[in-house]
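# Understanding the architecture of this molecule
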Amino acid sequence: PGSLPKEVEDAEEKILVFQDWDIPTARNIARKAGDAAFASSLEMIQGGEDVGQRFVTINGMYQPTLTVVQGVWQRWRILYAGWQDLPLKFNMEMNEAGCEFQLLAKDGIFITDYPRAITGAIPVPPGGRADFMVRCSNVGIAKFSALTRDTLTVTSQKNDIALVAVRDSLTDVSQNGTALVDAQVLGLTAWTPPSYPDYLQSVMQVSPTDGCTCPFELKGYDDTSRINGETYRSGNHFQHTTYLGAVVQRELVGIREHSYHQHIYPFQLVEGFLESEYFKYGDWHDTLIDEDGAYKSGVTTWVVRYRTTDIAGKMMVHCHNTMHADQGMMTKEYVRDLKSGASCECGISGAIAGPGLVDDIDKVTVVGGRKEEHNGDSGTKEELDEKDASASSYYGAMITSCIVAIVSFLLAY
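Residues numbered from 1 in each chain as written. Predicted model: local features only at pLDDT ≥ 70, side-chain atom pairs only at ≥ 80, totals over all residues. Heavy atoms only, no water.

### Here's the deal with the packing of aromatic side chains
Rules: Aromatic rings from Phe, Tyr and Trp, taking only the six-membered ring of Trp, are treated as a pair when their centres fall within 6.5 Å; an angle between ring planes under 30 degrees marks them as stacked, one over 60 as edge-to-face, and anything in between as tilted. Under the DSSP-based scheme used, a helix requires at least four consecutive residues in state H or I and a strand at least two consecutive residues in state E, with every element numbered from the N terminus. A 1.4 Å probe rolled over the protein chains alone gives each residue an accessible area, and that area as a share of the maximum for its type sets the label: buried under 20%, exposed over 50%, partly exposed in between. Here, over-ring charges are defined by two tests on the NZ atom of lysine or the CZ atom of arginine: distance to the ring centre within 6 Å, and angle to the ring normal within 35 degrees.
For the structure on display, the rule yields 19 aromatic pairs. Where F216 meets Y260, the ring centres are 5.9 Å apart and the plane angle is 40 degrees; that geometry is what we call tilted. Taken together, the positions of F216 in strand β13 (residues 213-219) and Y260 in strand β17 (residues 260-262) put the pair 44 residues apart, joining distant regions of the chain. Each of the two residues, F216 as well as Y260, counts as buried. An aromatic cluster of three or more residues is present, and its members are F18, W76, F90, F101, F132 and F144. In this structure, K106 packs its charged tip against the face of Y278, placed 4.6 Å from the ring centre. Residue placement shows K332 over the ring face of F238; its charged tip is 4.9 Å from the ring centre.

Okay, here's the thing in structure tokens:
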């Protein structure tokens, strides 16, 4: 507050929580899990057979209508509670109302080139958030789809008072010698946040700390879902380590097919892909998928970078597809509570020890499932890859956590 442009601070906010529903798949999961309560609740959902009971809701509503005032900016805060490896692809199918979208923030972090016009389908990754300034300049309706399904209708109503204010503003801009077309198209003040916290200081031109460039390959489906060739192992089992104060680089493979989600520290997009309206170098994210994106010639990885500044301990990374994560497409890193005399380690795929550990890394906490039994490190790879919880346990826990997160998000605003 106090640092945002006036039109952003004054704008009415609309919180839009998008949820992707696949009832047949959910029923199948419930059957496999023997979860009678979940299966029974799904039977209460009626209709939608003509679209295979695959649909999208907004704030729990099916194909709602949103009424806006012509020519007045609103701030739309989108949360995509996605559980499959599919970007939202929020798209204007018909735009009689003349609606426009100007990107303000992604995953809770303001972009540096606001306002950024987004004219095509908006590819918010599953688990991602995005803030837009939205204005509809005409009287009429606009129809939107998400995940290629009809999702939202916007009705823009005439407002003579607002139109007079906009007209006078454009006249003043024109008389001051500024191109009228710019004001008509954007109508917003260019703005960059006056400061960012330490963990969001740009690392675009900062080399990664020696030894802190590590790969993450997301590959496989169903029971072949792997990160760096492994399924998840609980307890003292980590893929990489770093330490406080390091500039960390991760080289991501497979994020056309899988969504990469990183806890604790957001990451900056620094290399490896061709920019689009939505994905640009220097942007910050904590979840990422680019189904329609293109790699640079001869490159097969997206490169992201971040600073580990002040939070030490375990850091989870995983595919945001619930079923893939349930099958083991998740892993842990560890950030040591050290600022000197430390180094990074890549590809450990095992136990860690030494200084800078801030919690009990051997403790295993199981919620709604069963503890895995590996009998030490003996046994075949297939035995070591055995999953430690049923699909339903994880799926049920994820649904509960998503509901809690959505309610908390709504209450916060």
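### Here's the deal with empty space enclosed by the protein
This is how it is decided: The rule is simple: put a 1 Å grid over the protein atoms alone, call a set of points where a 1.4 Å probe fits but cannot get out a cavity, call an open set with protein on both sides within 12 Å along at least five of seven lines a pocket, and count a residue as lining if it has an atom within 4 Å of a point. Grid points are joined across faces, edges and corners, and a volume is the space filled by probe spheres set on the points. Lys, Arg, Asp and Glu make up the charged group, whereas Ala, Val, Leu, Ile, Met, Phe, Trp, Tyr, Cys and Pro make up the nonpolar group; the residues left over, Gly among them, are polar.
For the structure on display, the rule yields two cavities of 30 Å³ or more. One number sums up the size of the largest cavity: a volume of about 50 Å³. Every residue lining the largest cavity is listed: F90, N91, M92, F101, I118, T119, G120, I122 and F144. Considered class by class, the residues forming the lining of the largest cavity number six nonpolar, three polar and no charged. Across the lining of the second largest cavity, the residue classes tally to two nonpolar, three polar and two charged.

### What to know about the state of the cysteines
Basically, it comes down to this: Whenever a pair of cysteine sulfur atoms sits within 2.5 Å, that pair is classed as a disulfide.
Enumeration according to the criterion identifies three disulfides in this entry. One disulfide in the model links C212 with C344; its S-S distance is 1.9 Å. Judged by the torsion about the S-S bond (75 degrees), the C212/C344 disulfide is right-handed. Of this pair, C212 sits in the loop between α5 (180-185) and β13 while C344 sits in the loop between β23 (330-336) and α7 (381-384); the two residues are 132 residues apart in sequence, bridging distant segments of the chain.

### Side note on helix α2 (residues 23-33)
Worth spelling out the cut-off: The reported arc concerns the directions from the helix axis to the C-beta atoms and nothing else.
Taken together, the buried positions of α2 are occupied by I23, A26, I29 and A30. Seen end-on, α2 carries its buried residues on one side only, within an arc spanning 120 degrees. Facing away from the buried surface of α2 by more than 90 degrees, the exposed residues are R31 and K32. Note on α2: the residue one or two positions beyond its end, G34, has a positive phi of about 70 degrees.

### Focus: the sheet that holds β13
As a reminder, the rule being used: Pairing between two strands is assigned when DSSP locates at least 2 bridges connecting them.
The mixed open sheet is built from six strands, whose spatial order is β14-β13-β16-β21-β18-β19. With partners counted over all chains shown, the strands left at the sheet margins are β14 (226-227) and β19 (284-285), one partner each. Bridge count between strand β18 (residues 267-271) and strand β21 (residues 302-307): three bridges; the pairing is antiparallel. Bridge pairing in β21 links Q268 to R305.

### Here we look at the nonpolar core
Rules: In this description, a nonpolar core means a group of buried Ala, Val, Leu, Ile, Met, Phe, Trp, Tyr and Cys residues linked to one another through side-chain atoms lying within 4.5 Å. Here a residue-residue contact requires only that any non-hydrogen atoms of the pair lie within 4.5 Å.
In this structure, F18, W76, F90, F132 and V154 are the most contacted members of the largest nonpolar core, which totals 70 residues. In contact with F90, other than residues within four places in its own chain, are F18, W76, I78, F101, G120, A121, I122, F144, S145, A146 and L152.

### Brief notes about the environment of R116
To be explicit about the condition: Side-chain atoms alone can form a polar contact between residues adjacent in sequence; in general such a contact is a pair of N or O atoms within 3.5 Å, and within protein one must be able to donate a hydrogen while the other accepts it.
Structurally, R116 is set in strand β9 (residues 116-117). Considered as a pair, R116 and Q102 are 14 residues apart in the sequence and their alpha carbons are 5.1 Å apart. The residues contacting R116, other than those within four sequence positions of it, are F101, Q102, L103, K106, I111, E277, Y278, K280 and D283. One polar contact links the side chain of R116 to the main-chain carbonyl oxygen of Y278, over a distance of 3.3 Å. A polar contact of 2.9 Å, which involves the side chain of R116, links it to the side chain of D283.

By themselves, these are just geometric observations and shouldn't be taken as functional.
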